[in-house]
Each structure stands twice: as C-alpha cells, then as structure tokens.
Amino acid sequence: MAKPKKYQEAEIPAIDDALGITEEKKKEVEEGIKESFGIDDFLDAHRAAIDMLEETDKHLEEYVSEYKKKKDDREPVEAVYTLKIAILLSMAKRFHPLSAYGKKLLDEAALCRNEFERKVGPLVTRITENNIDLFKTVLSEDVSEDIITGRISAIGAVRTKKKTAYGVGALAYYLDDMTGSGDMVLRVKWLFVNRDFRERGVADHLIGEITGRAAKAGVENISVEFPTNVDDRNVMGYLFGTWHFDLDSGLNPDAVMRVGDVTGYGKIESYRKGAEALSSLGKKGGLLTVKKTLRGLGYSGYLSDPDLPDDYIDQDLSCFVSTGDAVKAILLAHRTPSGTVRVDHIGFAPDSEALVYNLVSFFVGQAVMICEDDTMLELPVEMQEVGELIEEICPKQMGQYLVAGNLTKPSPEMDFTPEDIDELMAV
C-alpha cells in the first residue's frame with residue numbers, strides 16, 4: 001500500500017446535506033413539479049408575466065405624476081417600478097439570465113431602474129466610503145472595511161418606508177482572474193437583506209443587477225460561496241438556484257486555525273529562519289519596503305493604493321525574505337475589525353516560491369507570540385506545499401464547509417434569443 005499523504009482533503013458533504021434538504025422533501029418537490037408544471041404551464045406563466053408587465057406599464061406615468069405633485073413620499077411610485085423590475089427579472093430567470101433573451105431582459109430591468117432614478121432617486125447604488133453608513137445594517141464590520149479599502153466592491157439597494165429611504169440590501173463582490181488567461185470570474189462575497197425588507201424582491205434585484213452589469217462587461221462566469229452553517233442556507237440555495245447557479249458542496253480553500261491550537265513549534269523554528277518582520281525596518285522603512293516590493297513584483301491591487309491607511313498592514317506579523325537589498329518574498333497580514341488575522345498577500349520574485357515555508361512559518365510563529373489563543377488566523381492555500389506545512393504545524397484546523405454555486409452561459413440549445421421566444425409563444 002502506498003504511503004498516504006499527510007495533507008488530505010476533508011470529507012465533503014453532499015449538496016442536499018449541505019443545504020439541509022431531506023430525501024423525502026426532495027421527492028415531494030420533484031413529484032410536484034412533474035405533476036403540475038409542464039411546458040404549457042411554463043409558457044402560460046410567461047404569458048401571464050407579459051400581461052402583468054403591460055398592465056404595470058399603464059400605471060407608471062400616473063404614479064410619477066402623483067409623486068411630482070407632492071414629492072414627500074416616493075414609496076408608491078417606487079413600488080410600481082420595483083414591481084416592473086421584479087417581473088422582468090422573473091422572466092430573465094425563467095429562460096436563463098445569460099441567454100440572449102435573458103440578457104435582453106436584464107438590460108430592460110436596468111433601463112427601468114435608470115428611468116426611476118432620473119425621475120425620483122436611487123434604487124441601486126455603488127457602496128463607497130461616502131455612503132457606507134446608509135448600509136451599516138446589512139454589512140458586517142469586516143465587509144465594510146474591505147469595501148472602504150477597495151479590496152472588494154459592492155452595490156446596495158435603497159428602499160422607502162414611511163417616507164424615509166433606507167439602505168436595505170448589499171451585494172459585495174470582486175473580479176478574479178484565476179487562470180491568468182483574462183477570462184474573469186465575478187465572485188459574490190456577500191449578500192444580505194435587512195429582515196424588515198425581505199420578500200420584496202431586493203435580493204433578486206441585486207443579483208439581477210450585478211449579473212446584467214457583468215454580462216455587459218463581457219464577464220459570463222459568476223460564482224458564489226456561503227457557509228453551510230448559516231441559518232438562511234436553504235433560502236440562499238433556493239435563491240441562487242432559481243438564477244441557474246449550479247450548486248455543489250465544498251470546503252473553504254483557505255486555512256483557518258486558532259492560535260491556541262498551533263503545536264508544531266519545532267517546525268516553525270526550523271522553517272522561519274531567514275524571514276524578518278517588517279517592523280524590524282521601522283514603520284516608515286516597512287511601508288517603503290512594501291511599496292517598492294509590490295511595485296517590483298507587478299502587483300497593482302488595493303494594497304498598493306496610496307490612500308490605504310498606514311496601519312492597515314500589521315508590520316509585526318507581516319514578513320519578508322531578502323538577499324542583499326533585494327526582497328525575494330513577502331507576506332502581508334492584516335487584523336480585521338472582528339479580530340481575525342488574515343494573510344492578504346503572499347508574493348515572490350521569480351524562482352523564489354520555496355520561500356513560502358519561511359514566510360508562513362514566521363507568520364504563524366509571530367502570531368503565537370503576539371496574539372491571544374482565541375485569535376483566528378486565515379491563510380490562502382494556493383499551493384499544496386502550504387497546505388502540507390500548515391497540517392504539520394497545526395493539525396487541528398478549523399475547516400469550513402461551503403455551498404458553492406456557479407453561473408455560466410447556457411448550452412447552445414438553451415441559449416434562447418428573443419426571436420426564439422416569439423416563436424415559442426406563437427405556438
């Protein structure tokens with residue numbers, strides 16, 4: 001028998017188990033669909049949506065005119081416009097949002113939103129440092145900081161209640177080029193709607209908005225991940241499933257460990273040699289080294305932003321390895337508002353990847369000396385060597401099971417055009 005690898009993947013639960021779906025419930029739903037929803041029902045539902053859309057259009061100007069007379073309450077006209085948007089998005093989802101017909105409907109929903117915003121006020125807005133307080137009820141501290149620093153981007157939904165506009169929902173995301181081929185993936189990092197404004201189509205509006213924007217920019221691969229231990233995992237699974245995301249269970253690729261669970265001190269001391277804390281250069285020297293190193297390695301992300309706070313990078317936990325005056329490898333760590341210590345970047349000069357052992361060992365060793373035992377450490381595991389090293393120094397890791405979803409273009413036979421739909425509806 002071959003010797004097993006030290007670093008082994010955890011057993012990942014099936015997607016039904018991850019979402020908490022029992023076999024009995026699954027059979028009940030499948031049978032219900034077979035019995036009550038054939039192709040004729042499908043087309044009838046679409047015809048009903050078209051009829052509702054036409055009826056809604058008849059009342060738009062009436063509500064706009066009424067709003068212009070008073071201008072003290074936008075809620076009635078907002079309700080009509082958001083209803084029209086909800087109808088358009090439901091139609092896009094029915095046939096697939098990234099089909100030619102689906103993208104046309106997403107464009108129409110965006111035009112409807114633009115019309116409302118020209119006449120009344122914002123429905124969806126980019127979340128920035130200037131307006132983020134409006135969305136404090138729908139963002140965590142860590143996500144808020146990531147938005148402000150530019151680590152991720154976000155859009156927020158605005159809705160009215162009793163003549164007051166509130167930030168009621170937020171979707172945070174970032175673009176990722178994992179393969180280096182230029183084929184970007186839009187990764188949804190966060191989606192949350194204020195409980196007082198749920199069941200009003202807010203989450204669908206945010207997903208539809210970001211899907212439409214991505215498609216117009218040529219990005220036709222959208223992914224989402226959420227933990228299996230959240231209370232709303234069934235709702236999240238259903239929500240993204242209706243948008244044609246293919247769902248599966250998985251494991252958080254990042255290593256997560258508690259400082260008090262680290263045990264491999266001998267390995268840490270052996271591997272950390274050669275690495276130095278940024279703080280050993282003094283505060284200004286450390287900042288200058290980060291700036292020069294990132295520029296030399298061709299990094300152009302948020303960590304190189306001149307407006308990034310000087311104390312964002314924890315210089316006691318961040319480290320580098322140099323040869324003479326040349327930095328060969330660097331690890332940059334950050335303490336999030338929630339107290340987690342997160343490795344935000346690991347970079348190498350050409351042919352210096354083996355120095356990852358020195359960097360990671362130094363980082364973990366410093367955390368053991370500086371941080372409380374309950375402090376959580378997060379490290380990206382993009383190399384198997386990193387996973388094996390972490391397994392050696394902290395066998396008791398805190399892995400997190402996830403539900404992962406992916407939305408891509410439909411197959412050619414399902415990529416309906418507007419002309420295809422007209423032909424179907426004429427049958």
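This structure is a prediction, so every number in the text was calculated from the model and none was measured.

1. A word on the sheet that holds strand E9 (residues 319-323)
If you walk across this open sheet you meet the six strands as E7-E12-E11-E10-E9-E8, and the pairing is mixed. Edge positions in the sheet fall to strand E7 (255-258) and strand E8 (275-277), since each has one partner strand and no second. Ignoring which end each strand starts from, the neighbouring axes of this sheet average 25 degrees apart. Sheet topology note: the E9/strand E10 (residues 326-335) ladder contains five bridges and is antiparallel. When the sheet's bridge partners are listed, Ser322 is paired in E10 with Val327. Together, E10 and strand E11 (341-348) form the strand contacts of helix H10 (residues 283-296), whose direction differs from that of E10 by roughly 115 degrees.

2. Observations regarding a negative patch on the surface
Judged by side-chain charge, Glu419, Asp420, Asp422 and Glu423 come together as a negatively charged surface patch. Note that Glu419 resides in helix H13 (residues 418-425).

3. A few points about the packing of aromatic side chains
Counting across every chain of the model gives eight aromatic pairs. Ring geometry for Phe240 versus Phe245: centroids 5.1 Å apart, planes at 80 degrees, classification edge-to-face. Neither residue differs from the other here; Phe240 and Phe245 are each classed as buried. Pairwise contacts between aromatic rings join Phe95, Tyr101 and Phe416 into one cluster. Directly above the ring of Phe197 sits Lys161, whose terminal nitrogen or CZ lies 5.7 Å from the centroid. Against the face of Phe192 rests Arg198, its NZ or CZ located 5.1 Å from the ring centre.

Conventions we followed
Residues numbered from 1 in each chain as written. Predicted model: local features only at pLDDT ≥ 70, side-chain atom pairs only at ≥ 80, totals over all residues. Heavy atoms only, no water. Pairing = 2+ DSSP bridges. Helix = DSSP H or I, 4+ residues; strand = E, 2+ residues; numbered from the N terminus. Axes fitted to C-alpha atoms, helices over the stretch in contact; angles between N-to-C directions. Contact = heavy atoms within 4.5 Å. Patch = residues over 30% accessible without salt bridge, like charges linked within 9 Å, V, L, I, M, F, W, Y side chains within 5 Å. Areas by Shrake-Rupley, 256 points an atom, 1.4 Å probe, with all protein chains shown as cover. Salt bridge = Lys/Arg side-chain N within 4 Å of Asp/Glu carboxyl O. Lys, Arg positive; Asp, Glu negative; His and termini not counted. Charge placed at Lys NZ, Arg CZ, Asp CG, Glu CD. Phe/Tyr/Trp six-rings, centres within 6.5 Å; stacked < 30°, edge-to-face > 60°. Buried < 20%, exposed > 50% of the residue type's maximum accessible area, 1.4 Å probe, protein only. Lys NZ or Arg CZ within 6 Å of the ring centre and 35° of its normal.

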